[in-house]
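Spelled out, the chains give:
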Number of protein chains: 2
Amino acid sequence: FSNLFQMLPIKFLHLCIRRSCVSNHLVSNCKFYCQKSSSKVRICQVLSSQEFGKNVQIQGWVRSVRSQKEILFLHVNDGSTLQSLQVVANAELYKRCLTFGSAVKISGTLEKSPHKKQLVELQADSIQVIGDCNPVDYPFKIKERHSLEYIRQFPHLRCRTKTFGSLLRIRSEASTAIQSFFKDNGFVQIHTPVITSNDCEGAGELFQIEPAGREQGPSEDEPHFFSVPAFLTVSGQLHLEVMTGAFPCVYTFGPTFRAENSQSRRHLAEFYMVEAEIAFTHSLEDITTVMEDLFKTATECILSRCSEDVELYHKYVAPGHMDRLNHMLKNKFKVISYTEAVDVLKHSQQNFAFRPEWGCDLQTEHEKYLVQHCGNIPLFVINYPYNLKPFYARNNEDKPQHTAAAVDLLVPGIGELCGGSLREERLELLKSRLEKTGLKDTYQWYLELRQFGSVPHGGFGMGFERYLQCILGVDNIKDVIPFPRFSHSCVL
Amino acid sequence: FSNLFQMLPIKFLHLCIRRSCVSNHLVSNCKFYCQKSSSKVRICQVLSSQEFGKNVQIQGWVRSVRSQKEILFLHVNDGSTLQSLQVVANAELYKRCLTFGSAVKISGTLEKSPHKKQLVELQADSIQVIGDCNPVDYPFKIKERHSLEYIRQFPHLRCRTKTFGSLLRIRSEASTAIQSFFKDNGFVQIHTPVITSNDCEGAGELFQIEPAGREQGPSEDEPHFFSVPAFLTVSGQLHLEVMTGAFPCVYTFGPTFRAENSQSRRHLAEFYMVEAEIAFTHSLEDITTVMEDLFKTATECILSRCSEDVELYHKYVAPGHMDRLNHMLKNKFKVISYTEAVDVLKHSQQNFAFRPEWGCDLQTEHEKYLVQHCGNIPLFVINYPYNLKPFYARNNEDKPQHTAAAVDLLVPGIGELCGGSLREERLELLKSRLEKTGLKDTYQWYLELRQFGSVPHGGFGMGFERYLQCILGVDNIKDVIPFPRFSHSCVL
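Given the structure is predicted, the values throughout are model-derived calculations rather than measurements.

K.L.:
Break down the side chain of B:His191 for me, citing the residues and quoting the values.
P.N.:
Inspection of the secondary structure assignment puts B:His191 in the loop between β6 (188-189) and β7 (195-196). At a separation of 2.9 Å, a polar atom in the side chain of B:His191 contacts the side chain of A:Arg171. Side-chain polar atoms of B:His191 contact the side chain of A:Ser175, separated by 3.5 Å. Residue contacts for B:His191: discarding those within four places in its chain leaves A:Arg171, A:Ser175, A:Phe253, A:Tyr272, A:Phe464 and A:Pro482.

Quick look at the structure:
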């Protein structure tokens, strides 16, 4: 099925998927819970139903109320889809507590709608308000499109807005799409641990954990809970590498942590990362192929399964973004070496805050320039300076400029989306590098992986929130995660 | 497809799924990575192939070596399946470094096997050792079946044993099965946060976090990173409850934490939990239906997709467990009230370490007795004493024995597998209970959920490792998670 997707032009895909969701869908076709009486149905089922005359019961929240002389019109949404169901009733059924945001239970008959916009409407014969909603106190107002900044102030209520409701459905589908991609390609999912005793990668940005109430730190009476200092993971890579001693491909998808003191639109203290590791490869191209396929397959899957929700973003949040995204999907991703990239930057007319220089990290401004320079197509930058990369990156043993087989994927508007490398599998090279950095004792276990049936391997990580920002055109990372955590903020 | 499963007897299912995995499978049918040359294939593909005469290249680890006069026999496994591929070669291709555990790359021709046990074998024309393995230093020995306790000592290598390799494939399929169950039933997946400022549920068992290097705790110069104390989550329930204000059903699946100072076979400091929350229900039966369906659907799916891996456990680790599991699957789960359960315990002949008493928590010994008493079928215990349950459990307002609408699911051999409840949606009842416990200010946001379009709802959590223990018959929880964390142990 996913292979079929890859062969179809995106536009056609949208059409055929939207049809398949909407047509031929009997109300009683789907199995949902809390529907002991077969008349209780979800609004997504009703909207695609053609069982006119059928008695049903719906439950949901009021999105609009309009009471004319003799007729009451309601729009009700239950979160099963972005769309609301139009309910028509005798004006006598109107109650004052039937306000925007109130929860209702409605019974009635499905009827063919006289309006072009909808196939079906519900002729109500009973309306019950099961949870009222005072419109004065409720922070969201009827018919207003609140900004992402505004709704972000209400972490416990924002899922009730159209915009954030759509985000949560998209995020859920995106998780499924990513996991399906890996499953379909024979990857085993590994739950790498959140708590780890590894502390190598930039100790300044780690969170450390201890049982609550031990604010004075460990003592002789009360040593560390785990006997050693323990931290929140910054990457599952080393744990995945363990698995490439027994599996051809593995991946992990879960929360990752940085104690970065940043309020930026690009960083969170807790974010989700997809990481994959592939055994039996000597080629960086094997890794970039998986990265590109993951991006394209998952995105096409999301575009087809959540077309209406994504459309809301591409219409109201980031107008014109669908074209930018299609441009990324229909072109083969580009490749440039780090050395070439630095050349491009040095010869550009742009005034960078950081001067580009061989041997220095690329800054976000450089990354964005490079992507633009390459036609706003995602760009792989490969073979970074050896000294910029951690101990596990594979030595290219090249001259005069010494590089490692590492790669970053840069995307329009965001900059770095993925980072990866081949891993150093040669025991002697690895040992000497760990010795130089004083890490040899800590990584004895890692060296042992190279002693027993070691295989060449490599992998990458992709920031899940940045991926969502990239496909939806959302500017602030806090708007693509249900409960954002960042310095000075851990609400709920 | 999953509905079809439910209608078929388990035994038949096994047969038809095993066939579907094995038959009609062309080597070139599947898309796998690192196979630029179309001749590179996975062993799971080769084993089900009938393309005799085809040239292929496999990569994997040696499971056995036997060199006869003129012929060399190897068994090679690559982790894509439990089974190994038999490789036959001219004895001249033998090398000393071709040892148990070494990594090899082998090219040759697929041939029909003369042995009954296998369909196909590989006639090798080239064997390359890409990573050797010194059999003296390697902790696992050829032809030995090491105990779970023994292999647990080597967290970085244990995935290379048959037993733990199978566990990891099963665990991966189990995650998929659980997520598919929820997706198929219209649940939206919510990534509830790991870091939280909630500290209500048993403060003694929480982990607290701060940036590393702040061992003296927060000070005036350096306040808390999040401005407030922050902890690792013990449950995503309250965050899921936020979502029942906008979605009909939601779930979360991820790591959960307890700073319990325990070395028991039942507890971990970091474990996985599946939690679901269902809107628009007043009935505990709606919740127990989902629990039972989840258990049965996921288990049947795992049994069919990982039949060989599960068989290894039911043959060598827990002989006879398949019968016990089938007994659970083919019977409707039983229901007993807490009050009846205490009666049963009081009238039993068994000497309990803890005397059963109305108003006290059930101990593991009680739970195991009750399950046995009810015929070793999973058992729902419902309506627990009100005072035993947290503030959010719904008040049954009954007399003389005051109970809450809470439920535990007890399973043979394990005891508690799931816990759930209806949640108190009535603002005044909730407010007064929070006031009594001094938590009203902390949970102002939670009260607000009941003020704006509140709906009756409920949910449950299931321990994922306990679930795996239950279906596989594994005694120690440390043997069903890739990297176990518990007090005094955080290796790797």
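Structure's up, so let's keep going.
K.L.:
Mind laying out the sheet that holds β7(B), listing which residues take part and the relevant values?
P.N.:
If you walk across this open sheet you meet the six strands as β7(A)-β9(A)-β8(A)-β8(B)-β9(B)-β7(B), and the pairing is antiparallel. Single-partner strands in this sheet number two, and they are β7 (195-196) of chain A together with β7 of chain B.

K.L.:
Please give an account of the sheet that holds strand β14 (residues 403-411) of chain B that cites residues and values.
P.N.:
Pairing between the strands of a sheet is mediated by backbone hydrogen bonds and can be parallel or antiparallel. Read from one edge of the open sheet, eight strands run β6-β10-β11-β16-β15-β14-β13-β12 (chain B), paired in mixed fashion. Each edge of the open sheet is held by one strand with a lone partner, namely β6 and β12 (334-337) of chain B.

K.L.:
Break down a positive patch on the surface for me, with residues and values.
P.N.:
Judged by side-chain charge, A:Lys117, A:Arg145, A:Lys162 and A:Lys315 come together as a positively charged surface patch. Counting through the fold element by element, A:Lys117 comes out in the loop between β4 (103-112) and β5 (120-131).

K.L.:
Quick one: what's the story with the interface of chain B and chain A, residue by residue and with numbers?
P.N.:
By a widespread convention, an interface's size corresponds to the accessible area lost as its parts come together. On the chain A side, the residues contacting the 126 residues of chain B number 125 residues. In total, about 9,900 Å² of surface goes out of reach between chain B and chain A, with carbon and sulfur atoms giving 61% of it. Salt-bridge contacts for A:Lys183 lead to B:Glu173; the nearest nitrogen and oxygen are separated by 2.9 Å. Here chain B and chain A share 36 residue pairs in polar contact (both at pLDDT 80 or more) between them. The element that contributes the greatest number of residues to the side of chain B that touches chain A is helix α5 (residues 162-184) of chain B, accounting for twelve residues.

K.L.:
Summarise helix α10 (residues 338-346) of chain A; cite the residues concerned and give the values.
P.N.:
All names here are of chain A. Burial in α10 covers these residues: Tyr-338, Ala-341, Val-342, Val-344 and Leu-345. Along the long axis of α10, the arc covered by the buried residues comes to 155 degrees, so they all point the same way. Where α10 is buried, its residues touch β12 (334-337), α11 (364-373) and β13 (379-385).

K.L.:
Could you give me a rundown of the packing of helix α9 (residues 321-330) of chain A against helix α14 (residues 464-472) of chain A, with the residues and numbers involved?
P.N.:
Residues and elements named next belong to chain A. Between α9 and α14, the least distance of the axes is 8 Å, while the angle of their chain directions is 115 degrees. If you check the angle between α9 and α14, you find them roughly perpendicular. Taken together, the residues of α14 that come into contact with α9 (itself represented by His-321, Leu-325 and Met-328) are Cys-470, Ile-471 and Leu-472. Among the residues forming the contact of α9 with α14, the class breakdown is five nonpolar, one polar and no charged.

K.L.:
Now, about unusual backbone geometry: what can you tell me, with residues and values included?
P.N.:
Note the cis peptide between A:Lys399 and A:Pro400, where omega equals 0 degrees. One can find A:Pro400 in the loop between β13 and β14 (403-411). Of note, the phi angle at B:Asn376 is positive, near 55 degrees, even though the residue is not glycine. Here B:Asn376 lies in the loop between α11 (364-373) and β13 (379-385).

K.L.:
Please give an account of the pattern of salt bridges that cites residues and values.
P.N.:
Under the counting rule described, the total for this entry stands at 39 salt bridges over all chains. Put simply, A:Arg450 and A:Glu241 hold a salt bridge, and the shortest N to O gap is 2.7 Å. One end of the pair, A:Arg450, is in the loop between α13 (444-449) and β16 (457-463); the other, A:Glu241, is in helix α6 (residues 237-243), with 209 residues separating them in the sequence. Exposure remark for A:Arg450: the relative accessible area of 7% places this residue in the buried category. Of the charged contacts, one joins B:Glu435 and B:Lys440 as a salt bridge, the two residues approaching to 3.3 Å between their closest N and O atoms. Through salt bridges that share partners, A:Glu149, A:Arg152, A:Arg158 and A:Asp479 make up one connected network.

K.L.:
Would you mind going over the relation of the copies chain B and chain A in detail, with residue names and values included?
P.N.:
Of the transformation placing chain B onto chain A, the axial shift is 0.0 Å and the rotation is 180 degrees, giving an RMSD of 0.0 Å. Both chain copies can therefore be described as sitting about a two-fold axis. Within chain B, B:Ile209 has its C-alpha nearest the rotation axis, a separation of 2.3 Å. Taken as a fraction of all interface residues of chain B, those also at the interface in chain A reach 98%, which identifies the copy contact as same-surface.

K.L.:
Requested: an account of the side chain of A:Thr297, with residues and values cited.
P.N.:
For A:Thr297, the location among the structural elements is in helix α7 (residues 284-305). Of the polar contacts made by the side chain of A:Thr297, one reaches the backbone oxygen of A:Asp293; its length is 2.6 Å.

K.L.:
Residue-level account of the nonpolar core, with values.
P.N.:
Ranked by internal contacts, the top residues of the largest apolar core, which has 94 residues, are A:Met243, A:Tyr446, B:Phe182, B:Phe295 and B:Tyr467. Examining the composition of this core, we find that ten residues originate from one element, helix α7 (residues 284-305) of chain B, more than from any other. Those residues within four positions of B:Phe182 in sequence are excluded, and the remaining contacts are B:Phe187, B:Tyr251, B:Val274, B:Ala276 and B:Leu294. Grouped together as the second largest cluster of nonpolar side chains are 93 residues, A:Phe140, A:Cys418, B:Phe391 and B:Leu449 included.

K.L.:
Could you give an account of the domain arrangement of chain A, with specific residues and numbers?
P.N.:
All names here are of chain A. Domain parsing of chain A yields domain 1 (39-131) and domain 2 (160-211 + 226-479). Listed by partner, the interface residues are six residues for domain 1 and eight residues for domain 2. Sorting the residues of domain 1 by area buried against domain 2 places Arg-63, Leu-82 and Gln-83 first, and these three jointly supply 76% of that buried surface. For the interface between domain 1 and domain 2, the tally reads zero salt bridges.

K.L.:
Before we move on, can you summarise the packing of α5(B) against α7(B) with the specific residues and values?
P.N.:
Residue and element names in this part refer to chain B. Viewed as axis vectors pointing N to C, α5 and α7 meet at an angle of 135 degrees, and their least axial separation amounts to 9 Å. The pairing of α5 with α7 is recorded here as oblique in orientation. Between α5 and α7 the crossing geometry is right-handed. Judged by residue contacts, Ile-170, Glu-173, Ala-174, Thr-176, Ala-177, Ile-178, Phe-181 and Phe-182 of α5 engage Val-290, Asp-293, Leu-294, Thr-297, Ala-298, Cys-301, Ile-302 and Arg-305 from α7.

K.L.:
Hey, could you go over the packing of aromatic side chains for me, with residue numbers and the actual values?
P.N.:
The full count for this structure, using the stated rule, is 54 aromatic pairs over all chains. With a centroid separation of 5.6 Å and an interplanar angle of 85 degrees, the aromatic rings of A:Tyr138 and A:Phe140 are classed as edge-to-face. Of the two residues, A:Tyr138 and A:Phe140, neither departs from the other in class, the shared state being buried. Through successive ring pairs, a cluster of aromatic residues spans A:Phe100, A:Tyr138, A:Phe140, A:Tyr150, A:Phe154 and B:Phe452. Against the face of A:Phe164 rests A:Arg158, its NZ or CZ located 3.8 Å from the ring centre. One cation-aromatic arrangement involves A:Lys478 over A:Phe486; the distance from NZ or CZ to the ring centre is 4.6 Å.

Thresholds applied
- Residues numbered from 1 in each chain as written.
- Chains lettered and ligands numbered in written order.
- Predicted model: local features only at pLDDT ≥ 70, side-chain atom pairs only at ≥ 80, totals over all residues.
- Heavy atoms only, no water.
- Helix = DSSP H or I, 4+ residues; strand = E, 2+ residues; numbered from the N terminus.
- Polar contact = N/O pair within 3.5 Å; in protein donor to acceptor, adjacent residues only side chain to side chain.
- Contact = heavy atoms within 4.5 Å.
- Pairing = 2+ DSSP bridges.
- Patch = residues over 30% accessible without salt bridge, like charges linked within 9 Å, V, L, I, M, F, W, Y side chains within 5 Å.
- Areas by Shrake-Rupley, 256 points an atom, 1.4 Å probe, with all protein chains shown as cover.
- Salt bridge = Lys/Arg side-chain N within 4 Å of Asp/Glu carboxyl O.
- Lys, Arg positive; Asp, Glu negative; His and termini not counted.
- Charge placed at Lys NZ, Arg CZ, Asp CG, Glu CD.
- Buried area = accessible area lost by both parts, 1.4 Å probe.
- Buried < 20%, exposed > 50% of the residue type's maximum accessible area, 1.4 Å probe, protein only.
- Arc of directions from axis to C-beta.
- Axes fitted to C-alpha atoms, helices over the stretch in contact; angles between N-to-C directions.
- Parallel < 35°, antiparallel > 145°, perpendicular 65-115°, else oblique.
- Nonpolar A, V, L, I, M, F, W, Y, C, P; charged D, E, K, R; others polar.
- Least-squares fit on C-alpha atoms with pLDDT ≥ 70 in both.
- Core = buried A, V, L, I, M, F, W, Y, C linked by side-chain atoms within 4.5 Å.
- Domains from an automatic or database assignment.
- Left-handed = near helix turned anticlockwise from the far one by under 90°.
- Phe/Tyr/Trp six-rings, centres within 6.5 Å; stacked < 30°, edge-to-face > 60°.
- Lys NZ or Arg CZ within 6 Å of the ring centre and 35° of its normal.

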